[in-house]
Structure formats: C-alpha cells, structure tokens
Amino acid sequence: MPRQFFVGGNFKMNPISRAQKKVIINELNAADLDPNTEVVIAPPSLYLLPLKDILRSDIKVAAQNCYCKTSGAFTGEISPAQLADAGIPYVILGHSERRTLFHETSELVAQKTKAALDGSLSVILCVGETLQEREAGNTTQVVESQLRAVVTVLKESDWSRVVIAYEPVWAIGTGKVATAGQAQEVHAYIREFLSTAVSTAVSENTRIIYGGSVTASNCKELSTQIDVDGFLVGGASLKPEFADIINVKRN
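So, here is what we can say about the structure in this document. From a predicted model like this one, the values you see are computed outputs, not experimental measurements. (Residues numbered from 1 in each chain as written. Predicted model: local features only at pLDDT ≥ 70, side-chain atom pairs only at ≥ 80, totals over all residues. Heavy atoms only, no water.)

Moving on to the overall build of the chain. The helix and strand inventory of the chain stands at 11 helices and eight strands. A globule of 251 residues ought to have a C-alpha radius of gyration of about 18 Å, and the chain, at 17 Å, matches this closely. For the C-alpha atoms alone, the extent of the chain along its principal axes is close to 45 × 45 × 35 Å. The buried share of the chain, taken over its 251 residues, is 51%. Across the chain, every contact between residues at least 6 apart in sequence was considered, and the portion connecting residues at least 24 apart equals 71%. Counting only carbon and sulfur atoms, one obtains 52% of the accessible surface of the chain, whose full area is about 11600 Å². (Helix = DSSP H or I, 4+ residues; strand = E, 2+ residues; numbered from the N terminus. Rg over C-alpha atoms; globule rule 2.2 N^0.38 Å. Buried < 20%, exposed > 50% of the residue type's maximum accessible area, 1.4 Å probe, protein only. Contact = heavy atoms within 4.5 Å. Areas by Shrake-Rupley, 256 points an atom, 1.4 Å probe, with all protein chains shown as cover.)

A separate point is the nonpolar core. If you look at the biggest cluster of nonpolar residues, it comprises 63 residues, and the most contacted ones within it are Ile41, Val91, Trp159, Ile164, Ile190, Tyr210 and Phe231. Here this core takes six residues from helix α8 (residues 180-197), the largest share from any one element. When neighbours within four sequence positions are excluded, isoleucine 190 is seen to be in contact with Val127, Val143, Leu147, Ile164, Tyr166 and Ile208. (Core = buried A, V, L, I, M, F, W, Y, C linked by side-chain atoms within 4.5 Å.)

So, about α8. Compared with the 26 Å implied by 1.5 Å per residue over 18 residues, the 25 Å span of α8 between its first and last C-alpha is a close match. Of the residues making up α8, those classed as buried are Ala180, Ala183, Gln184, Val186, His187, Ile190, Arg191, Phe193 and Leu194. (Expected span 1.5 Å × (residues − 1).)

Where helix α7 (residues 139-153) meets α8, the axes come as close as 11 Å, and the angle between the chain directions of the two elements is 40 degrees. Taken together, the axes of α7 and α8 are oblique relative to one another. You can see that α7 and α8 cross each other, and the crossing is right-handed. Here Thr139, Thr140, Val143, Glu144, Leu147, Arg148 and Val151 of α7 lie close against α8, whose contacting residues are Val186, Tyr189, Ile190, Phe193 and Ala197. (Axes fitted to C-alpha atoms, helices over the stretch in contact; angles between N-to-C directions. Parallel < 35°, antiparallel > 145°, perpendicular 65-115°, else oblique. Left-handed = near helix turned anticlockwise from the far one by under 90°.)

Following this line, the structure appears as structure tokens:
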C-alpha cells in the first residue's frame, strides 16, 4: 500500500498576533488543496484551540511539544493527555531547536514520544545532523543514534502513528537546502535502519518527510525521490506558497 504524502507546517513562535493568525488560516481555508495529501499545521500552543475551531476539517492540528508525564508540577509544560482531551491529534517532538536551544537529549525525546503515543497522539519525530557532524561524515551515525533511543522504548505497533522528519540542522531557516540526492540518501538509510531495528513492515509503511528551508520552488525535485514522503515546512508555512507545497504531487 503506497504511503500517503504528508505535509506539515511548523509555525514555530509565529505569528505574533491573533489577527495575523486569522489571515494565515483564512488563506488556507480558501485554498484548493490536494485531497490525497495529509496536511497538519502546528501553531504556538496559545493558538491551538482557537485555530482548531476555525480551521477547515481536512487539515489537522499539532502541538509543537509536550512533556512525558500525564500531569503534575511541571510548570510551563503540556501533557499528552491534555492534548488528546482537547482533540489535538498530533505533536512534534525532537525538533532540533528543542534539542539545541533547550538541551533535550535523545533519551528525553524518546520518553516524550512513548508518552505521546501511549496518550493516543500521533508523533512527528524529528532527527537530523548539524553542519559540523555532516562535514565530519557522521550524518548516519547521528541520525541512527537519535532513532535508536526511540526504537528502544517503542513497540512495533506504535510506529503506525509515527512520522519521521529528517531535518538537517544546517538547512533549517538558513536558506540552504539539502539536495534531492542528499535527502534521498539519508531517507533511504533511515528506512534501512527501521528494517533491521524494528521490522520490514514498519520500514515500508513509515512516512519519512524532509524539512529544512522547504519552499514552493525547491519542493518539486525533492518530492520525486522514492523515500521522500512529504515535508515539514517552517517559514513557508506562514505564506500563501504553503498551498503550492501541499499540492506538489497533484497531477
């Protein structure tokens, strides 16, 4: 069974006003979008519920983070149970900004992933190497290490609700983008790793998407790669061109 193409929009800490949020959503609601592509957008947590209430029904909403506990004295955190109760189906975990700026380890990301899945959420799991790690020839070792921490704590059945986002850190927000060949090489490696570390079925069925300065102008070639199953889009998800990225596979 072919893997459904997936396009996520990570708004990060944007926009800065409810009025701007409404403009972005109005444009998405009016856009002619490919019904064969799964679309998920991740606004700041403050906007999750009001955005969900005005968003068209064929686009899902994701949180940008959650904690690994159900409740308790964890100031500033959101739990998987709270998200599930609010009808938020997805959460992004392991984003490089969380790993680098907020010092989240692969082990913590793994705990969060397990907690989110146990709490009935689906997870967009981010992995990727820094420029220094790529130039040292360590890309696959870094990505494997990040994934192995998660493999250790999940059951095989859990993977049906995981989308892996490969995001080379050196390409996020820099305007640099991995070539189609570079992206395909790492995606193929991830798929091979899943085959040996989990199962052939998980390897074949798990969607592996690319993130890192994705735009309407560079997404076409990336989308033709056999192991690229979609995109996690940053800055361009706040612009009208997001619709063009969503529609990249439309015939």
